[in-house]
Amino acid sequence: MTRKDALASLVSGRFSGNQANLAKAIGRAPTVVWQYLNGHREMGEKLARHIEERLHLPHGWMDQPH
């Protein structure tokens, strides 16, 4: 599973498909979330850990299969 897949899983599961709500929860613009989900940006280590922290996920969650 890639970080992109993990992000998509969060959007569909925890945020009922609403990218804007995920963006708000992690303090990013909805367009940025869209760019990550659609392969226009690659998610780095810093953002992956930021998402985990903001959503109270275990460290490394974005890098593990779900």
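Coordinates for the structure precede this section.
Residues numbered from 1 in each chain as written. Predicted model: local features only at pLDDT ≥ 70, side-chain atom pairs only at ≥ 80, totals over all residues. Heavy atoms only, no water.

Quick notes on the side chain of Glu-52
Within the element layout of this structure, Glu-52 appears in helix α4 (residues 45-54). Using a relative accessible area of 1% as the deciding quantity, one classes Glu-52 as buried. Polar contacts involving the side chain of Glu-52 include one to the main-chain amide nitrogen of Trp-61, which spans 2.9 Å. The residues contacting Glu-52, other than those within four sequence positions of it, are Leu-57, Pro-58, His-59, Gly-60, Trp-61 and Met-62. (Helix = DSSP H or I, 4+ residues; strand = E, 2+ residues; numbered from the N terminus. Buried < 20%, exposed > 50% of the residue type's maximum accessible area, 1.4 Å probe, protein only. Polar contact = N/O pair within 3.5 Å; in protein donor to acceptor, adjacent residues only side chain to side chain. Contact = heavy atoms within 4.5 Å.)

Focus: empty space enclosed by the protein
Under the definition given, this model contains 1 cavity of 30 Å³ or more. Forming the boundary of the largest cavity are Leu-7, Ile-26, Arg-28, Val-32, Val-33, Tyr-36, Met-43, Leu-47 and Ile-51. It is helix α3 (residues 30-37) that provides the largest number of residues to the lining of the largest cavity, a total of 3 residues. (1 Å grid on protein atoms, 1.4 Å probe; cavity = no way out; pocket = protein on both sides within 12 Å on 5 of 7 lines; lining within 4 Å. Points joined across faces, edges and corners; volume = space filled by probe spheres on them.)

Concerning the packing of helix α2 (residues 19-26) against α3
The interhelical angle for the contact between α2 and α3, taken along N-to-C directions, is 110°, at an axis separation of 8 Å. Regarding the angle of α2 to α3, the classification is roughly perpendicular. For the element pair α2 and α3, the recorded crossing hand is right-handed. Contact residues: α2 offers Gln-19, Ala-20, Leu-22, Ala-23 and Ile-26, while α3 offers Pro-30, Val-33, Trp-34 and Leu-37. Its residues assigned to classes, the contact of α2 with α3 shows 8 nonpolar, 1 polar and no charged. (Axes fitted to C-alpha atoms, helices over the stretch in contact; angles between N-to-C directions. Parallel < 35°, antiparallel > 145°, perpendicular 65-115°, else oblique. Left-handed = near helix turned anticlockwise from the far one by under 90°. Nonpolar A, V, L, I, M, F, W, Y, C, P; charged D, E, K, R; others polar.)

Thoughts on the nonpolar core
Leu-7, Leu-22, Met-43, Ile-51, Leu-55 and Met-62 are the most contacted members of the largest nonpolar core, which has 20 residues in total. Taken together, the elements giving at least two residues each to this core come down to α1 (3-13), α2, α3 and α4. Apart from residues lying up to four places away in sequence, Leu-22 is in contact with Leu-7, Val-11, Phe-15, Val-33 and Leu-55. (Core = buried A, V, L, I, M, F, W, Y, C linked by side-chain atoms within 4.5 Å.)

Structural notes on α1
Every buried residue belonging to α1 is among Arg-3, Ala-6, Leu-7, Leu-10 and Val-11, and all of these are buried. The arc enclosing the buried residues of α1, seen along the axis, measures out at 140°, which places them on a common side. Exposed residues on α1 whose side chains face more than 90 degrees from its buried face are Ser-12 and Gly-13. (Arc of directions from axis to C-beta.)

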